[in-house]
Amino acid sequence: KTGRKHQLRRHMAWNYDCHIVGDTTYGTAYDAKRWGRGLMLTSCHIALHHPYYSNTKEGRTKWEKLSSIDNLGVRRLGEKLFQATKDGPVVLEVSVDLPNKFTTFLQTEERRAAEHSDCQ
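In this report, we go over the structure that sits alongside the text. Starting afresh in each chain, residues are numbered from 1 along the sequence in its written order. Whole-chain, interface and lining totals are the exception, using all residues; otherwise, since this is a predicted model, local features are given only for residues with pLDDT of at least 70 and side-chain atom pairs are given and counted only at 80 or more. With hydrogens and water excluded, all non-hydrogen atoms of the structure serve as input to the side-chain values.

Before going further, it helps to spend a moment on a nonpolar patch on the surface. Each patch is built from residues that are more than 30% exposed by relative accessible area and take part in no salt bridge. Like charges join if they lie within 9 Å; nonpolar side chains (Val, Leu, Ile, Met, Phe, Trp, Tyr) join within 5 Å. Each accessible area is a Shrake-Rupley estimate made with a 1.4 Å probe; only the visible protein chains count as cover when residues are assessed. For this document, the term salt bridge refers to a Lys or Arg side-chain nitrogen within 4 Å of an Asp or Glu carboxyl oxygen. On the surface, Ile 46, Leu 48, Val 94 and Val 96 cluster together into a nonpolar patch covering about 310 Å² of accessible area. Secondary structure elements are defined from DSSP: runs of H or I of at least 4 residues count as helices, runs of E of at least 2 residues count as strands, and each element is numbered from the N terminus. Relative to the helices and strands, Val 94 resides in strand β5 (residues 91-95). The cut-offs for exposure are 20% and 50% of the maximum accessible area for each residue type, with area from a 1.4 Å probe on protein chains only; residues under the lower value are buried, those over the upper are exposed, and the others partly exposed. Judged by relative accessible area, Val 94 falls into the partly exposed class, the value being 32%.

Put into structure tokens, the structure is as follows:
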């Protein structure tokens, strides 16, 4: 255990006055009772500089041979690897679907927001 999850919880609550939904320590009892399924904390998208294509001369040469420039002027290799500018880093970008509990949560909150917006 690294304590990272606790650091995120505390940081959001103390610095932004916005606790993570489902946080029983820094959140509200209402949230804990309503969403008694643990923290609503996830990551579904990441983008990072490709270590080989971005940082080595050999990698950059291979990148130039393997990739092609699309109609927007962005150099790409498949859907997940791209280079937005000529001298910029090669970025690896990956996304996954949200877990079901998040999708359900978002749908419920959107319905609640729509119901409350009708009241104004």
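Should DSSP find at least two bridges between two strands, the strands are regarded as paired. Where strand β1 (residues 45-49) and β5 come together, 5 bridges link them in antiparallel fashion. Bridge assignment links Ile 46 to a residue of β5, and that residue is Val 94. Pairing of strand β4 (residues 81-83) with β5, which is carried by 2 bridges, proceeds in the antiparallel orientation. If you follow Leu 81 over to β5, its bridge partner there is Leu 92.

On the secondary structure map, Phe 82 appears in strand β4. Separated by 14 residues in the primary sequence, Phe 82 and Ser 68 place their C-alpha atoms 9.4 Å from one another.

Attention now moves to the pattern of salt bridges. Inspection of the entire model under this criterion finds 3 salt bridges. Note that Arg 112 and Glu 109 form a salt bridge whose closest N and O atoms lie 3.0 Å from each other. Residue Arg 112 and its partner Glu 109 are both found in helix α5 (residues 100-119); the two are separated by 3 residues, about one turn of the helix. Residue classification places Arg 112 among the partly exposed residues on the basis of a relative accessible area of 29%. We classify Glu 109 as partly exposed; its relative accessible area is 24%.

This brings us to the sheet that holds strand β3 (residues 75-77). Strand order in the open sheet formed by 5 strands is β1-β5-β4-β3-β2, and the pairing between neighbours is antiparallel. Each end of this open sheet is capped by a strand with a single partner; those strands are β1 and β2 (68-69).

Bringing unusual backbone geometry into the picture now. What is expected of a backbone is that most residues other than glycine have negative phi and most peptide bonds are trans. Backbone geometry at Asp 17 places phi at a positive 50°, although glycine is not the residue there. Secondary-structure assignment places Asp 17 in the loop between α1 (4-16) and α2 (29-34).

Before going further, it helps to spend a moment on the side chain of Arg 75. The topology assignment puts Arg 75 in strand β3. Under the convention used here, Asp and Glu are negative, Lys and Arg are positive, and both His and the chain ends fall outside the count. One buried charged side chain, Arg 75, makes no salt bridge at all; its nearest oppositely charged neighbour is Glu 64, positioned 4.5 Å away. A polar atom in the side chain of Arg 75 sits 3.1 Å from the side chain of Ser 67. Whenever a nitrogen or oxygen atom comes within 3.5 Å of another N or O atom, the pair is scored as a polar contact, on the condition that within protein one atom can donate a hydrogen and the other can accept it, and that pairs from neighbouring residues in sequence are kept only if both atoms are in side chains.

To continue, consider the packing of aromatic side chains. Planes of paired rings set the category: under 30 degrees apart is stacked, over 60 is edge-to-face and the rest tilted, where pairs are Phe, Tyr or Trp rings (Trp by its six-membered ring) whose centres lie within 6.5 Å. Applying the stated criterion to the full structure yields 3 aromatic pairs. Pairing Trp 14 with Tyr 26 gives two aromatic rings, centres 6.1 Å apart and planes at 90°, and the pair type is edge-to-face. Placement of the pair is Trp 14 in helix α1 and Tyr 26 in the loop between α1 and α2, with a sequence separation of 12 residues. Accessibility expressed as a relative area gives 59% for Trp 14, which makes it exposed. On the numbers, 5.5 Å between centres and 45° between planes, the contact of Tyr 53 with Trp 63 is tilted.

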